[in-house]
Amino acid sequence: MEIPFRSPRVTAPAPFIICISPQFVAEQWQIFVAHAHIAHYFGGHLHLYITSMLESYFNLVKEYEKLGYVTADFWMRYKFPNSTLDSPEPNSNVEWRNQAGAHTDCLLQYKEVASFISFVDLDDVLVPRGFDSYFDEFSNLFYFHPNILTFQYPKREIMLHNKPNIQNINLVEQFSHSWFGTYEDTGKIVARPVDLDSMWIHRSFYVPDKKFRVVDHNFLLHMQRPVDTNGQDPITYEMRSFQIYKHLKLNESVLEPVQRELEALLNSTHFKEVAAKLPTHAYYFPIMFRCYFEKYYKSLDNTCPNGEGCLIPQRSDFPCIHSDADYKSGPSMNPITFHFHENARWSKDIGCYT
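Residues numbered from 1 in each chain as written. Predicted model: local features only at pLDDT ≥ 70, side-chain atom pairs only at ≥ 80, totals over all residues. Heavy atoms only, no water.

*Asks:* Give me the lowdown on the sheet that holds strand E3 (residues 52–54), citing residues and values where you can.
*Replies:* Ordered by their spatial adjacency, three strands build an open sheet running E3-E12-E13, and the pairing between neighbours is antiparallel. The two strands at the open ends of the sheet, each matched to only one other strand, are E3 and strand E13 (339–347). When strand polarity is set aside, the average angle formed by the axes of neighbouring strands in this sheet is 25 degrees. The strands touched by helix H2 (residues 55–66) are E3, strand E12 (320–329) and E13; relative to E3, the strand with the most contacts, the crossing angle is about 100 degrees. (Pairing = 2+ DSSP bridges. Helix = DSSP H or I, 4+ residues; strand = E, 2+ residues; numbered from the N terminus. Axes fitted to C-alpha atoms, helices over the stretch in contact; angles between N-to-C directions. Contact = heavy atoms within 4.5 Å.)

Printed below as a string of structure tokens:
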């Protein structure tokens, strides 16, 4: 059969492409705004995969896409065009919603046109330290370590308070303080895309350890569990410990121009109208966090880790945009039958699902 390959990109919107793990039942628009502005100011571009997202949030993302801050891309659930009751459920056997597949797809899209590339979650944001741009920081790393192919930036959680409306967001206040988690988490990598052919979540397994290096001068700011807009912590279990680490604090002058860029954007009447429809508090975030915690981090469940089986209540006041397509199957073959999709599109009729 003829396999419908997608052609790679011939240009890149920025020298540094930030591949974002697939978003599902996404509602944390405050984190997106912060990441989009910081990345854009320092010379990066977000490539955002979306399975499902609150409609008001999705409309905000599309406004940023028009401005060149982000590329919104489809990420599909696996479906068979003619499934039966005894058909296997492929999504239950996909690790973490196939993050590795999304990262590899992003890598192959930009492999020949981007200078640098990273593979992160939306709540992992990098601010250059000691350099004016991502390009300068990464160029310095590869210059002084010519035998290294991938640099892993560790993650450290930063205390974060969400704001109910976009006019109240202050990036200097949000990131230029000294409250951090007491330990570092496994990080994410930065690489030159020409050096890689595939990706996993935290690294490429085709890069040997001797060509892999953990960065010690900087780290990813992990915005994992923001305090909700009512001042309450939406995650009241497995609480993280925070302490004041003055040596980790970002200089306020670094983020002041980023804040001015955000404020200039908020002067647009149309942008204000789109932002006015955003949710003012978290609803789905604590539901999904608890499901993942109970299924995989707390229990001894040895099934494939993903969002299948999570109870996700549907609400008419929180409509979602969901990726959709025409699903096709090739002829039955042994040992592999090829399934694919065509005519990818955004749908308002599916709901909020993983």
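*Asks:* Which residues make up the state of the cysteines, and what values go with them?
*Replies:* In the structure shown here, the tally under the stated rule is three disulfides. Each disulfide pairs two cysteine sulfurs, and for Cys-19 the partner residue is Cys-106, the sulfurs being separated by 2.1 Å. Taking the torsion about the sulfur-sulfur bond, which here is approximately -75 degrees, the covalent link between Cys-19 and Cys-106 counts as left-handed. A residue pair is termed long-range when its members are at least 10 positions apart, and Cys-19 in strand E1 (residues 16–23) and Cys-106 in helix H3 (residues 99–110) qualify at 87 residues. Judged by relative accessible area, Cys-106 falls into the buried class, the value being 0%. Cys-320 shares a disulfide with Cys-352; S-S distance 2.1 Å. Since a negative S-S torsion denotes a left-handed disulfide, the Cys-320-Cys-352 link at about 105 degrees is right-handed. (Disulfide = S-S within 2.5 Å. Buried < 20%, exposed > 50% of the residue type's maximum accessible area, 1.4 Å probe, protein only.)

*Asks:* So, the pairing of strand E7 (residues 150–158): which residues are in play, and what are the values?
*Replies:* When you tally the buried positions in E7, you get nine out of nine residues, the bulk of the element. Burial along E7 is two-sided: the face carrying Thr-150, Gln-152, Pro-154, Arg-156 and Ile-158 and the face carrying Phe-151, Tyr-153, Lys-155 and Glu-157 are both buried. As judged from the seven bridges shared by E7 and strand E8 (residues 179–191), these two strands associate in the antiparallel manner. Bridging across to E8, Tyr-153 finds its partner in Lys-188.

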